[in-house]
Amino acid sequence: MAEAEGISSGTPTEEMNGAGNLMDFLDEPFPDVGTYEDFHTIDWLREKSRDTDRHRKITSKSKESIWEFIKSLLDAWSGWLVMLLIGLLSGTLAGVIDLAVDWMTDLKEGVCLSALWYSHEQCCWTSNETTFADRDKCPQWQKWAELMTGYTEGAGVYVLNYFLYVMWALFFSFLAVSLVRVFAPYACGSGIPEIKTILSGFIIRGYLGKWTLLIKTVTLVLAVSSGLSLGKEGPLVHVACCCGNLFCSLFSKYSKNEGKRREVLSAAAAAGVSVAFGAPIGGVLFSLEEVSYYFPLKTLWRSFFAALVAAFTLRSINPFGNNRLVLFYVEYHTPWYMAELVPFILLGVFGGLWGTLFIRCNIAWCRRRKTTLLGKYPVLEVIVVTGITAVLAFPNPYTRRSTSELISELFNDCGALESSQLCDYINNPNMTRPVDDIPDRPAGPGVYNALWQLALALVFKIVITIFTFGMKIPSGLFIPSMAVGAIAGRIVGIAVEQMAYHHHDWIIFKNWCRPGADCVTPGLYAMVGAAACLGGVTRMTVSLVVIMFELTGGLEYIVPLMAAAVTSKWVADAFGKEGIYEAHIQLNGYPYLDQDEFTHRTLATDVMRPRRNEPPLAVLTQDSTTVEDVETLIKDTDYNGFPVVVSRESERLIGFVQRRDLILAIKNARQKQDGVVSNSVVYFTEDAPQIPASNPQPLKLRRILNLSPFTVTDHTPMETVVDIFRKLGLRQCLVTRSGRLLGIITKKDVLRHMAHMMNQDPESIMFN
Amino acid sequence: MYRLTSRVAVNLLTFSSLMCFLLILSAQTSEAKNSEDIRCKCICPPYKEIAGQIYNQNVSLKDCNCLHVVEPMPVEGKDVEAYCLRCECKYEERSSGTIKGTIIAYLSILGLLLLYMVYLTLLEPILKRRLFGHSQLIQSDDDVGDQQPFANAHDVLSRSRSRSNMLNKVEHAQQRWKRQVQEQRKSVFDRHVVLS
């Protein structure tokens, strides 16, 4: 997105110094002139010009003494220091989350007796009792039923294990939702729609606060461990952005400037995705494509640095052993064939269809949660959904384990050494090939068993994720979508493999598949399916392909991944243009102006306020309004700002003044300056107006006046107006005709107009 | 540039505690490697009459191959090479100290939060009711959600002039935080305005 142009708005920086004495006798951070109210949009141009002024002041002072020079150097590299800190903290938190999830997920099934803090895999790590047939069993780790009753087989044991599994799941999710409700209600949900809105200029105070960070980290572990069908990638982006916000508050360069802060948050989002997937480049591209609004080139390099530091920190914590970053990192080099593009494209179509279905159903369910009785019982809803998930997930071994492990198993290629049911192929006993080059084999009964269990798991996951995403606990969407795609892909892959084996004399297979050769890799189909479904839901393009190939380490598979991603995006776009995050932004009514073109032929007069039947525009005059008039105006209306004109007769525009600045300035004046009473005249000119000496002292408010508000004429096409709003990040724009002020267009009006043009409900736009 | 207001002091405190945590975590990862924390795992599939087997040994990376790890070798002479060709050996390492430290740290933070939650939801209303009487409890519950921009400023102004010692400041900060959380809860759970 094009960077905001460096147009100075003429607002001087003395307003920052003028507010300094206000901070002295209050402990609470008093609202400063130049800060913004909650749920309002920032003024990008003002932030940019303030940063330029600050930089200019530091540069000019740096020539004075060595100390000033050092301070200017510190200012310059403070950006890099913030990136380093963000990378360190995000990597650490991601490592903590991964380790804790690993342990708590296994806690639902059993416990390690030799060391209570080990998960199943870690517990059996040093044991010598694991056998080839039973790789998971070791005497140190016991299931709950075995611990309590001493038996390992039997119907009673199964029922007891089932019951305890459900109890643990309910316990974890109850803790999660209670913590969210009591300490940080903003910690629920995925976080990416709100972060997108924040990065486009919206203010949500507390959304990236310290309590939100703590609660989101703690409850994310609980939510994922409870077996619900959700992932941790979206919440990790939120966690990383909270870290970014935390470190911004240490440096006044970022804490006082909302525009600069958003640059840091873009980089932090990249670090978040980087630790979630172990994909630094994919993280930067995700931040560029999905999350950020303005992404200058400077941010690109810094995001990459933050993502690298985060990935490196996570790797040194080594949560999964073996120096892997993600649980399902695979590395194969088996080739794929041109004819396989047909099933890959079919998987892409499936991904697109599933994406559309998921978005429609999930939005409908969330809307129901928002408007009906369902929304009044969030805790009960979480508990019921967890109960249903746990009860239905336990019997099927593929849904009983955590989704990441399922994906890892589905991505894995079946060598001679795998012991899972999915790899129960009939091996030729005379085979002497090395492990990497196993030819296609007929499927054994275990594979067919696994196939219909997987089909059931697919249906279950498709249905339950619709109800899980959007609940009042931290919930992400990437892992469930990848799981759905991986299951579908693996089923298709096994089907193609068996068809190639049993019918190798058909024309399609004859060219590329000789009997005794390794033709089809079902694991690759699973990967392509996962990419297709993820692309169908989020409508990611480049970042998806890069993340998937960083996950797998295989440059050979870029073409299948791209084919599937492109197909799923086309199919999904045919039904509806928005991805899941844009759909949630629309559902919540955030003022997010997205990048699509506006192609209708309306003019500025059609959108501006006041309309014909509305009261006239509320304006201030340059030197004839009294303090009392201003206060009445503020009390009677709730506009965010007022234009200042020369006089009510001529209506020539001087400038624009913000409501918040006006309130603060008048409050300040009443307390600090003598002689300012209700009848004092407020003037915005340089020199005081000529008034008799008997009148009370006038109040000069020129310093809060923006002398260069943006204006368009009434015949400007709305296409241009929308472009101006989007590219410059404006909040309001004044409409003039022949130099006279006619009306005002705010961002809310633009959004409502766009919604109206697309036949959506314009009243759903809630915020300014 | 770095005015030492109380806000910056709190932020520095948070930052330094985070740094301490990070240093402790990194110290654990760079400890002398416990010999139990490295292993070479060799999986050998069934071969002729010999059943499949898994072999584990604490050897270093350069010794992690079939010949060093598979002991006792179940086949003789020429079959050794054929047997070893089918085995797959992987070198793995982990940090048991990190795992232990992380889980214990996580559980202690979770426990503290749960205790605080129990205190806030159950104990504090009971204590307040006993100390201050019923009327003030109702008043503090209603004192939320004021939509005017600077209503809080008036309260803060009047209160800060009368009290000035540390305990009252802490309690005041806690009250402010509780008000913020209640506002957030109203937006998210009740009015469904954000994060629906």
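Just so we're clear, the structure is a prediction, and the values are computed from it rather than from any experiment.

Asker: What's the story with the environment of A:Val712 in this structure? I'm lost.
Answerer: All names here are of chain A. Position of Val712 relative to the elements: it lies in strand E10 (residues 711–713). Looking at Val712, the relative accessible area reads 8%, which means it is buried. With 21 residues separating them along the chain, Val712 and Cys733 place their C-alpha atoms 7.2 Å apart. Apart from the residues lying within four places of it in its own chain, the contact partners of Val712 are Val721, Ile724, Cys733, Leu734, Val735 and Thr736.

Asker: It is not clear to me how the sheet that holds strand E11 (residues 732–737) of chain A should be interpreted in this structure. Could you clarify?
Answerer: Hydrogen bonds between backbone atoms are what pair the strands of a sheet, whose relative direction is either parallel or antiparallel. Residues and elements named next belong to chain A. An order of E10-E11-E12 is seen for the three strands of this open sheet, with the pairing classed as mixed. Strands with a single pairing partner mark the edges of an open sheet, and in this sheet they are E10 and strand E12 (740–746). Neighbour-to-neighbour, the strand axes of this sheet turn through a mean angle of 35 degrees, independent of strand direction. For E10 and E11, the ladder comprises three bridges, and the chain directions are parallel. By the bridge assignment for E11, Thr711 is matched with Leu734.

Asker: Help me understand the UniProt feature "transmembrane region" (unreviewed entry) in chain B in this model?
Answerer: Taken from the UniProt record, the annotation "transmembrane region" (unreviewed entry) applies to residues 103–122 of chain B. End C-alpha to end C-alpha, residues 103–122 of chain B measures 28 Å, and it is 100% helix and 0% strand.

Asker: For this particular structure, what's the right way to read the UniProt feature "domain: CBS" (unreviewed entry) in chain A?
Answerer: Residue and element names in this part refer to chain A. UniProt records the feature "domain: CBS" (unreviewed entry) for residues 608–672 and 705–763 in the present numbering. Along residues 608–672, the helical share is 37% and the strand share 23%, with 39 Å between the first and last C-alpha atoms. Span residues 705–763 is 37% helix and 31% strand, its end C-alpha atoms 31 Å apart.

Asker: Sorry if this is basic, but what is going on with helix H18 (residues 445–468) of chain A here?
Answerer: Since there are 3.6 residues in each turn of an α-helix, residues three or four apart along the chain are aligned in direction. Counted at 1.5 Å a residue, the expected span for H18(A) with its 24 residues is 34 Å, and the 34 Å between its end C-alpha atoms agrees. A:Gly470, located one to two residues past H18(A), shows a positive phi value of around 105 degrees.

Asker: Just checking my understanding: could you explain the pattern of salt bridges for this structure?
Answerer: Residues and elements named next belong to chain A. Enumeration over the complete set of coordinates arrives at 27 salt bridges over all chains. Across the pair Asp51 and Lys260 runs a salt bridge whose closest N-O atoms are separated by 3.8 Å. Of the two residues, Asp51 is situated in helix H2 (residues 44–61) and Lys260 in helix H11 (residues 258–277); the sequence distance between them amounts to 209 residues. An identical accessibility class is assigned to Asp51 and Lys260; each is buried. In this structure, the salt-bridge partner of Glu258 is Arg261, at a minimum N-O distance of 3.8 Å.

Asker: Help me understand the sheet that holds strand E8 (residues 699–700) of chain A in this model?
Answerer: Residue and element names in this part refer to chain A. Read from one edge of the open sheet, three strands run E4-E7-E8, paired in mixed fashion. On the outer flanks of this sheet lie strand E4 (625–626) and E8, each paired with one strand and no other. Two elements, strand E7 (residues 681–683) and E8, share two bridges in a ladder whose sense is parallel. Each bridged residue has a counterpart across the sheet, and for Val682 the counterpart in E8 is Leu699.

Asker: Would you take a moment to explain unusual backbone geometry for this structure?
Answerer: Glycine aside, a negative phi is what most residues show, and trans is what most peptide bonds show. With an omega of 0 degrees, the peptide bond running from A:Arg609 to A:Pro610 counts as cis. Mapping A:Pro610 onto the fold places it in the loop between helix H25 (604–607) and strand E3 (620–621). Within the chain, A:Ser738 stands out as a residue other than glycine whose phi angle is a positive 55 degrees. By the element assignment, A:Ser738 lies in the loop between E11 and E12. Positive phi, close to 55 degrees, is recorded for B:His192, a residue that is not glycine. Considering the arrangement of structural elements, one finds B:His192 in the segment after helix H7 (166–190). Take B:His192: its relative accessible area is 6%, and that puts it in the buried class.

Asker: I keep staring at the packing of helix H19 (residues 478–502) of chain A against helix H21 (residues 522–538) of chain A and nothing clicks. Help me out?
Answerer: Relative orientation and spacing of two packed helices are given, respectively, by the angle between their axes and the distance between those axes. All names here are of chain A. Where H19 contacts H21, the axes come no closer than 6 Å and their chain directions differ by 140 degrees. Our classification of the angle between H19 and H21 gives oblique. Where H19 crosses over H21, the two elements pack in a sense that is right-handed. Taken together, the residues that form the contact of H19 with H21 break down as 13 nonpolar, seven polar and two charged.

Asker: Looking at this structure, how should I read the domain arrangement of chain A?
Answerer: Quoted interface sizes are often the accessible area lost when the parts come together. When cut into domains, chain A gives domain 1 (87–317), domain 2 (338–427 + 435–582) and domain 3 (604–758). If you average the C-alpha positions of domain 1 of chain A and of domain 3 of chain A, the two centres end up 47 Å apart.

Asker: In this structure, what is going on with a negative patch on the surface? I would like to understand it.
Answerer: A cluster of acidic residues, A:Glu121, A:Asp134, A:Asp136 and A:Glu405, forms a negative patch at the surface. Looking at the element boundaries, A:Asp134 is found in the loop between helix H4 (120–123) and strand E2 (141–143).

Asker: Explain the nonpolar core to me, please; I cannot follow it from the model alone.
Answerer: In globular proteins that are soluble, nonpolar side chains generally tend to be buried together. Among the nonpolar cores identified, the biggest contains 203 residues, and A:Phe411, A:Met482 and A:Met548 are the most heavily contacted of them. Grouped together as the second largest cluster of nonpolar side chains are 21 residues, A:Val627, A:Val644, A:Ala665 and A:Leu705 included.

Asker: Even after reading the chapter, I still don't get the packing of aromatic side chains, so can you show me in this structure?
Answerer: Two aromatic rings, taken as a pair, are described by how far apart their centres are and by the angle between their planes. Per the counting criterion, the structure on display carries 31 aromatic pairs over all chains. Summarising the aromatic geometry, the rings of A:Phe183 and A:Trp211 are spaced 5.2 Å apart at their centres and angled 10 degrees between planes, so their arrangement reads as stacked. Highlighted residues: A:Phe183 in helix H6 (residues 155–183) and A:Trp211 in helix H8 (residues 210–225), separated in sequence by 28 residues. Between A:Tyr293 and A:Tyr294, the aromatic rings sit 5.0 Å apart at their centres with planes inclined by 85 degrees, giving edge-to-face as the arrangement. For the pair A:Tyr293 and A:Tyr294, a shared accessibility class is recorded, and that class is buried. Taken together through their ring pairs, the aromatic side chains of A:Phe183, A:Trp211, B:Tyr116, B:Tyr119 and B:Trp177 make up a single cluster. Its guanidinium or amino end placed over the ring of B:Phe189, A:Arg181 lies 5.2 Å from that ring's centre, counting from NZ or CZ. Across from the ring centre of A:Trp125, 4.4 Å away, lies the NZ or CZ of B:Arg39, which sits over that ring.

Asker: What's the story with the pairing of strand E1 (residues 38–44) of chain B in this structure? I'm lost.
Answerer: The two faces of a sheet get side chains in turn, since along a regular strand they alternate between them. Residues and elements named next belong to chain B. When you tally the buried positions in E1, you get six out of seven residues, the bulk of the element. Summarising the sheet, E1 and strand E3 (residues 88–93) pair through six bridges and their orientation is antiparallel. Within E3, the residue paired with Ile38 across the bridge is Glu93. When E1 meets strand E2 (residues 53–57), the two strands line up antiparallel, connected through five bridges. Paired with Lys41 across the strands is Asn56, a residue of E2.

Asker: Looking at this structure, I do not really get the state of the cysteines. What am I missing?
Answerer: With the rule as written, the count across this model stands at six disulfides over all chains. One disulfide in the model links A:Cys112 with A:Cys123; its S-S distance is 1.9 Å. In this structure, the disulfide formed by A:Cys112 and A:Cys123 twists by about 75 degrees around the S-S bond and is classed as right-handed. In this pair, A:Cys112 is assigned in strand E1 (residues 110–112) and A:Cys123 in helix H4, connecting sequence segments eleven residues apart. Considered together, A:Cys112 and A:Cys123 belong to a single accessibility category, that of buried residues. Paired by a disulfide, B:Cys42 and B:Cys89 hold their sulfur atoms 1.9 Å apart. Disulfide B:Cys42-B:Cys89: the torsion about the S-S bond is 105 degrees, which places it as right-handed. Note that B:Cys42 is positioned in strand E1 and B:Cys89 in strand E3, a separation of 47 residues in sequence.

Asker: Please explain the side chain of A:Glu340 as it appears in this structure.
Answerer: All names here are of chain A. Note on placement: Glu340 falls in the loop between helix H13 (297–317) and helix H14 (341–371). Of the side chains bearing the opposite charge, Arg490 lies closest to the buried Glu340, which forms no salt bridge; the N-O distance is 12 Å. Side-chain polar atoms of Glu340 contact the side chain of Tyr525, separated by 3.0 Å. Excluding its chain neighbours within four sequence positions, the residues that come into contact with Glu340 are Trp512, Cys519, Val520 and Tyr525.

About the criteria used
- Residues numbered from 1 in each chain as written.
- Chains lettered and ligands numbered in written order.
- Predicted model: local features only at pLDDT ≥ 70, side-chain atom pairs only at ≥ 80, totals over all residues.
- Heavy atoms only, no water.
- Helix = DSSP H or I, 4+ residues; strand = E, 2+ residues; numbered from the N terminus.
- Buried < 20%, exposed > 50% of the residue type's maximum accessible area, 1.4 Å probe, protein only.
- Contact = heavy atoms within 4.5 Å.
- Pairing = 2+ DSSP bridges.
- Axes fitted to C-alpha atoms, helices over the stretch in contact; angles between N-to-C directions.
- UniProt positions renumbered as here; feature names shortened; annotations may be inferred.
- Expected span 1.5 Å × (residues − 1).
- Salt bridge = Lys/Arg side-chain N within 4 Å of Asp/Glu carboxyl O.
- Parallel < 35°, antiparallel > 145°, perpendicular 65-115°, else oblique.
- Left-handed = near helix turned anticlockwise from the far one by under 90°.
- Nonpolar A, V, L, I, M, F, W, Y, C, P; charged D, E, K, R; others polar.
- Domains from an automatic or database assignment.
- Patch = residues over 30% accessible without salt bridge, like charges linked within 9 Å, V, L, I, M, F, W, Y side chains within 5 Å.
- Areas by Shrake-Rupley, 256 points an atom, 1.4 Å probe, with all protein chains shown as cover.
- Lys, Arg positive; Asp, Glu negative; His and termini not counted.
- Charge placed at Lys NZ, Arg CZ, Asp CG, Glu CD.
- Core = buried A, V, L, I, M, F, W, Y, C linked by side-chain atoms within 4.5 Å.
- Phe/Tyr/Trp six-rings, centres within 6.5 Å; stacked < 30°, edge-to-face > 60°.
- Lys NZ or Arg CZ within 6 Å of the ring centre and 35° of its normal.
- Disulfide = S-S within 2.5 Å.
- Polar contact = N/O pair within 3.5 Å; in protein donor to acceptor, adjacent residues only side chain to side chain.

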